[in-house]
Amino acid sequence: DARILSGMQPTSDSLHLGNYLGALTSWVGLQDSYETIYTVVDLHSLTVATDPQLLRERTRRTAAQYLAAGVDPSRSALFVQSHVPEHAQLAWVLSCHTGFGEAARMTQFKDKSARHGNDATNVGLFTYPILMAADILLYDAALVPVGEDQRQHLELTRDLAQRFNARFGQTFVVPEPHIVRATAKIYDLQEPTAKMSKSASSPNGLIELLDDPKVVAKRIRSAVTDAEREIRFDPVAKPGVSNLLTIHSALSGRTVAELEQDYAGRGYGDLKKDLAEVVVGFLEPFQERVHGYLDDPASLDDVLAEGAERVRVVARETLARVYDRVGLLPAR
Ligand code: TYM
């Protein structure tokens, strides 16, 4: 079976609707046809200063949200990145095959470092995509389900794999991004031309999966639309309305065309009211499941330990192959 790998950073108390619709739902679906590996990338979150106790808690919360979304530990390996030391070890080797300019061209790095300034930007933020490449290449993953914002990082991963293979002989599988077009980019409710993100300027643009449903409903009702009245999917002319239709369609299972028909001649208020119901109807049972997992941290930790044990077999093999290829003297 072809292998799938993906991960999310535990940088917040809750994942948001962009993480869920852009990536997590497709993770769940892929379990039926692939060998799936899903990780909480805690090493990546060290690039953002976080209270240590909070980081531990967020790592468990992120894993609990994977499970609540339908990641099934009997079919998928679910683990915490730092539990498998080979990730950091492979990242070092890959960093020695990454051009400085190549890493400096990553737009997420450019955006983040521009926002923080040079002195507040740590080197981890710069090498971050190389660690991501290691996550993927360590398991010979063929497909990587992510949102649109990770496409450039996947390109770098592919370049590194191809370069390494060309120089040292076939070593890595060259992975493809798996990006679901309809939900590849969920937009901010207040600024519907910017992606939904935890670092948005206003919290009102964000729907977090563990938010109070009342707050969520209110944010949807006050989402930015436009001065027309027509409910029509047109991301260029009507980004706000189109984003609401995308979210509705993804959660209700109705096509955007059906929704356009349903709402013909009706106002934005109706769409928002219905969408709030759809989103809250999804969130309530989701939150209940998350809290169920968090109420039993010992079982959650068991799942994570078992996942790490399973993937570590593969990680060890790949790292040994890489160390051998580049000429490191094997330890006795
Ligand atoms: P992260 O933690 O920022 O985001 C997790 C996933 O959510 C997707 N996403 C979105 N999709 C649609 N609309 C949005 N508004 C939106 N916001 C976020 C992201 O594309 C991602 O799929 N570098 C990665 C984590 C990572 C990783 C990996 C991913 C580390 N190693 C290996 C795949 C494979 C990141 O920061 O994602």
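Residues numbered from 1 in each chain as written. Predicted model: local features only at pLDDT ≥ 70, side-chain atom pairs only at ≥ 80, totals over all residues. Heavy atoms only, no water.

Notes on helix 7 (residues 123–137)
Cut-off, in case you're wondering: Segments assigned H or I by DSSP are reported as helices when at least four residues long, segments assigned E as strands when at least two residues long, and all are numbered from the N terminus. Here the expected length of a helix is defined as 1.5 Å per residue gap, with one fewer gap than residues. Bend is the name given here to the angle between axes fitted to two runs of seven residues, the run ending at a residue and the run starting at it. Under the scheme applied here, a residue whose accessible area is under 20% of the maximum for its type counts as buried, over 50% as exposed, and between as partly exposed, the area being computed with a 1.4 Å probe on protein chains only. Throughout this description, a polar contact denotes any pair of N or O atoms lying within 3.5 Å of each other; where both atoms belong to protein, one of them has to be capable of donating a hydrogen while the other can accept it, and for residues adjacent in sequence the pair is counted only when both atoms sit in side chains.
The end-to-end C-alpha separation of helix 7 is 22 Å, in line with the 21 Å expected for 15 residues at 1.5 Å each. Its maximal kink placed at Pro129, helix 7 deviates by approximately 40°. Within helix 7, twelve of the 15 residues are buried, which leaves it mostly tucked inside the rest of the structure. Within helix 7, burial applies to Leu125, Phe126, Tyr128, Pro129, Ile130, Leu131, Met132, Ala133, Ala134, Asp135, Ile136 and Leu137. A distance of 3.1 Å separates the backbone nitrogen of Gly124 from a side-chain oxygen at the start of helix 7, and that oxygen is part of Asn122.

Description of the site of the ligand
What counts here: Being near a molecule or strand, for a residue, comes down to having at least one heavy atom within 4 Å of it. In these tables, accessible area is a Shrake-Rupley quantity obtained with a 1.4 Å probe, and a residue counts as shielded only by the protein chains included in the view.
Neighbouring the ligand are 27 residues, the closest being Tyr128, Asp135, Gly147, Asp149 and Ile186. Side-chain polar atom of Asp149 to an oxygen atom of the ligand: 2.4 Å apart, as the coordinates give it. Take Met196: an N or O atom from its main chain is 2.9 Å from a nitrogen atom of the ligand. In the complex, the protein chains occlude 96% of the 710 Å² of accessible area that the ligand would expose alone. Elements represented by at least two residues in the shell around the ligand include exactly strand 1 (3–8), helix 1 (17–30) and helix 7.

Comments concerning the packing of aromatic side chains
The test is simple: For this analysis, a ring pair means two rings from Phe, Tyr or Trp (six-membered ring only for Trp) whose centres lie within 6.5 Å, classed as stacked if their planes differ by under 30 degrees, edge-to-face if by over 60, and tilted for the remaining angles. Lysine NZ or arginine CZ positioned within 6 Å of the ring centre and within 35 degrees of the ring normal marks a charge as sitting over the ring.
As enumerated under the stated definition, the model contains ten aromatic pairs in all. With 4.6 Å between their ring centres and 35° between their planes, Tyr20 and Phe282 make a pair best called tilted. With Tyr20 in helix 1 and Phe282 in helix 12 (residues 268–294), the pair connects residues that are 262 residues apart, well separated along the chain. Each member of the pair, Tyr20 as well as Phe282, carries the same accessibility label: buried. The interplanar angle of 55° and the centroid separation of 5.0 Å between the aromatic rings of Phe164 and Phe172 together place this pair among those described as tilted. Pairwise contacts between aromatic rings join Tyr20, Phe282 and Phe286 into one cluster. Across from the ring centre of Tyr128, 5.7 Å away, lies the NZ or CZ of Lys112, which sits over that ring.

Topic: empty space enclosed by the protein
Left-over empty space is what a probe sized like a water molecule reveals as it rolls over the atoms. Short version of the rule: Both cavities and pockets are sets of points on a 1 Å grid over the protein atoms alone; in a cavity a 1.4 Å probe fits but cannot get out, in a pocket the set is open with protein on both sides within 12 Å along at least five of seven lines, and lining residues sit with an atom within 4 Å of a point. Grid points are joined across faces, edges and corners, and a volume is the space filled by probe spheres set on the points. All residues other than Ala, Val, Leu, Ile, Met, Phe, Trp, Tyr, Cys, Pro, Asp, Glu, Lys and Arg, Gly among them, are scored as polar; the first ten of these are nonpolar and the last four charged.
This structure, assessed with the given rule, holds one cavity of 30 Å³ or more. Approximately 60 Å³ is the volume found for the largest cavity. In this structure, the largest cavity is lined by Met106, Gln108, Phe109, Lys112, Leu125, Tyr128, Pro129 and His153. When the residues that make up the lining of the largest cavity are grouped by side-chain class, the tally is five nonpolar, two polar and one charged.

Considerations on the pairing of strand 3 (residues 76–80)
Applicable threshold: Any two strands between which DSSP finds at least two bridges are classified as paired.
Judged by how many residues are buried, strand 3 sits mostly within the fold: five of five residues are covered. Neither face of strand 3 is open: one carries Ser76, Leu78 and Val80, the other Ala77 and Phe79, and all of them are buried. Of the pairings in the sheet, the one linking strand 2 (residues 35–40) to strand 3 comprises five bridges and is parallel in character. Paired with Ile37 across the strands is Ala77, a residue of strand 3.

Some details on the environment of Phe164
Note the following rule: Residue contacts are counted whenever heavy atoms from the two residues lie within 4.5 Å of one another.
Among the structural elements, Phe164 can be located in helix 8 (residues 151–168). Owing to a relative accessible area of 2%, Phe164 belongs among the buried residues under this scheme. Remark: the alpha-carbon pair of Phe164 and Val326, spanning 162 residues in sequence, is separated by 9.4 Å. If near-sequence neighbours (up to four positions away) are discounted, Phe164 is found in contact with Val93, His97, Gly169, Thr171, Phe172, Val322, Arg325 and Val326.

Structural notes on the UniProt feature "binding site: L-tryptophan" (unreviewed entry) in the protein chain
Applied cut-off: UniProt positions are given in the numbering used here, feature names are shortened, and annotations may be inferred rather than shown by experiment.
Listed under "binding site: L-tryptophan" (unreviewed entry) in the UniProt record, and renumbered for this structure, are Asp135. With respect to the helices and strands, the residue Asp135 is situated in helix 7. Setting aside its immediate chain neighbours within four residues, Asp135 contacts Leu5, Val41, His44, Gln81 and His87. A polar atom in the side chain of Asp135 sits 2.7 Å from the side chain of His87.

Examining unusual backbone geometry
Residue Asp140 is not a glycine yet carries a positive backbone phi of 50°. Here Asp140 shows up in the loop between helix 7 and strand 4 (143–145).

A look at the packing of helix 1 against helix 10 (residues 239–252)
Here is the rule: Working convention: axes come from line fits to C-alpha atoms, limited for helices to the stretch in contact. Angles between N-to-C directions cover 0 to 180 degrees. Small angles under 35 degrees read as roughly parallel and large ones over 145 as roughly antiparallel, with 65 to 115 read as roughly perpendicular and the rest as oblique. Crossings are assigned a handedness: left-handed for a near helix turned anticlockwise from the far helix by less than a right angle, right-handed for a clockwise turn.
The geometry of helix 1 relative to helix 10 is characterised by a closest axis approach of 12 Å and an angle of 60° between their N-to-C directions. In terms of orientation, helix 1 and helix 10 fall into the oblique class. As for how helix 1 packs across helix 10, the hand of that crossing is left-handed. For the pair formed by helix 1 and helix 10, the contact residues are Leu17, Tyr20 and Leu21 on the first element and Ile247, Ala250 and Leu251 on the second. Its residues assigned to classes, the contact of helix 1 with helix 10 shows six nonpolar, no polar and no charged.

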